[in-house]
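Remarks on the overall topology
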Amino acid sequence: MGNRKRLNANQDIFLLILGIAWANLIFFHQENWKMDPWKVGIIGLGIYFCIKWLGARREVLKDSRMRAGSIFFGLLFAAMVVVGEKIHAGDWEFQMFSAGDIVWLIVYFGTGMLLFLTLSTFFFDGRMRNLMERTGKDEKGGTCRKGNWLLYSIVFMLFWTPVLFIYYPGIVPEDATVSIAMVLGDLPWDNHFPVFYSLLAGGSVWLGRALGNPNLGVLLYSLLQLVSMAFLLGYFLEWMQRRIHRFCTYFALAFFCTIPVFGNYAIVMWKDPWYSGLLLLLGMFLYDKAVLDREAFLKRKNLVLYGVLGVLISLMRNNGIYIMILISVVLVYMYRKRVKRVALTCAVTILCICTITGPVYKGVFSAENEFVESIGIPLQQMVRVVIKDGNMTKEDKEFLNHLMPMEKYQEYYNPFLVDPVKWAPEFHTDYLNAHKAAFFQTWFSLLKSNFGIYVEQYLMGTYGFWHIGGDTPYEFVKTQIAANDWWLYQIAPLESYFNYAMQEKMSGKYDFMASGLLVWIALYDVLLCWVKRKSRYILPLLIMVGNWLTLMIATPTAFGLRYIFIMMLGVPLLVFYPLLLPPSEEEATSRKKHISM
């Protein structure tokens, strides 16, 4: 007995030393991290307890899917950290790899595996689920409690209304002024800023001006968005409360009420809040009607509701149609044995979207999608070939020179943002639109002899959407009404009447979560669903994953929380999503044992 205790004690000391050494390696490798002994010690203890936790649950590694999932997560995690360290937001160069990176790949591979295994066993541990799951819940989600919905909505309005008072009558970014100008007839229509959204934003200002004060229109828009987002998130919290422990719902309530960015996004004249809110609503709908109760989705009213939500999402933001195509493909596969109704609904939905954004927009508003908006990543890759003096044929150079004089690329190139190039005075958009096939031919031609440059630019151009940390506050929050010709301005009561610089103080209070972190939480949830053989539960998560994929294919910028705001809204769902997965028979039996004890 004494030898066993001594052996256990020695093992604990070894694991503790391992944890502290591991933490030191991580802190040493991260250039922006100070080796604060408190932080190193806490991380070291965390690693120690994770290893101890898994040591007591070694049977989890007998599951082939768990092993495969942890290895896959570990490999991706290691690649993300090591490759991400080669890129710096303030430095436009991609650092070269070295032999020493193999060591760091091994370190972070182990870290990723440890994270995945620990979290996966934690969420499915019998005692943890007893603490965090809602007891006596209805397997099909139950019915909405309108009183709770209204209460949560009122709380959100109470917390967000002071933000409207600070920025009264609202916040109008530069993008919104384009929408307003199109509605008021000062600019020609195009669908770069979606026509449907422009009618909402510009229509509000038009109504205010018709009533004698355009600022009334800004106030109307602010109130409409604030109230609608409050009710949407109020429903989200009520939806959560029917499925998991109420303390998880209280976490979500505190999250949305205390983080200043949500008050800002409740009133800012951007399409992203409403677009993200509709995506969240679609995710909840699919969880209820296609995951929990598969038969419910086939009812006519639910098929119609799915179609309506899909159309609204796609009208609010142009990448919405690609998300709906992805979801439609998955739904057709899920219901392949009774595919007619589902396939017809999905086809009609996509057709409606294409008809409205195509012939209707063109016929009524003379508005079309701009080709340059969908080629941000390939355009940047071609520009980087010029900047890095890559291999180009005579024909490649001629095409690039037609787009913009070769000597001008250096002046406008930014590896993290395509806008300076595509909006440069010397950039010939008309030539691009007339030679779309030649654009892709040139892109493929340059790809063959400049593959490494293409990969570097792709990783830099999407950096903020796959790497944890390293974000910049580009397109994070706006706080002013942009310069305009319609007498729109902020009254700012605290500054004007009380001489208190509240806006200045508020500007220092905004902080943002790394977009890449949100992506990795979603990736973990998707992988966990597969590992636990609950693949149909991936469907609601595809709403967020699909939005991310559109950014990875055609993002105009490497940063921008607003482009991925759906994941910010979905943080409570992403964090607690493992609790929505039903446990296996073995896990359920283990839970019953803990309850009886």
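Structure first, text after, so check above.
So, here is what we can say about the structure in this document. (Residues numbered from 1 in each chain as written. Predicted model: local features only at pLDDT ≥ 70, side-chain atom pairs only at ≥ 80, totals over all residues. Heavy atoms only, no water.)

What about the pattern of salt bridges?
Summed over the entire model, instances satisfying the criterion amount to 17 salt bridges. For the salt bridge of E174 with K478, the shortest nitrogen-to-oxygen distance reads 3.6 Å. Highlighted residues: E174 in helix α7 (residues 174–183) and K478 in the loop between α22 (451–461) and α23 (493–498), separated in sequence by 304 residues. A salt bridge links R317 to D272; the shortest N-O distance between them is 2.7 Å. In this pair, R317 is assigned in the loop between α13 (300–316) and α14 (320–334) and D272 in helix α12 (residues 272–292), connecting sequence segments 45 residues apart. Take R317 and D272: they sit in the same class, and that class is buried. Members of the salt-bridge network, linked through shared partners, are D175, D272, R317 and R562. (Salt bridge = Lys/Arg side-chain N within 4 Å of Asp/Glu carboxyl O. Helix = DSSP H or I, 4+ residues; strand = E, 2+ residues; numbered from the N terminus. Buried < 20%, exposed > 50% of the residue type's maximum accessible area, 1.4 Å probe, protein only.)

Side note on a nonpolar patch on the surface
A surface patch of nonpolar side chains, about 520 Å² in accessible area, is lined by L150, I154, L158, F159, V227 and F231. Elements represented by at least two residues in the nonpolar patch include exactly α6 (146–166) and α9 (214–241). Among the elements that take part in the nonpolar patch, α6 stands out by supplying 4 residues, more than any other. The topology assignment puts I154 in helix α6. Accessibility expressed as a relative area gives 36% for I154, which makes it partly exposed. (Patch = residues over 30% accessible without salt bridge, like charges linked within 9 Å, V, L, I, M, F, W, Y side chains within 5 Å. Areas by Shrake-Rupley, 256 points an atom, 1.4 Å probe, with all protein chains shown as cover.)

A few points about the environment of V155
Locating V155 in the fold gives a position in helix α6. The class for V155 is buried, based on a relative accessible area of 19%. Distance in space between the C-alpha atoms of V155 and G234 is 8.6 Å, their sequence separation being 79 residues. Once you skip the residues sitting within four places of it in the chain, V155 turns out to touch L253 and C257. (Contact = heavy atoms within 4.5 Å.)

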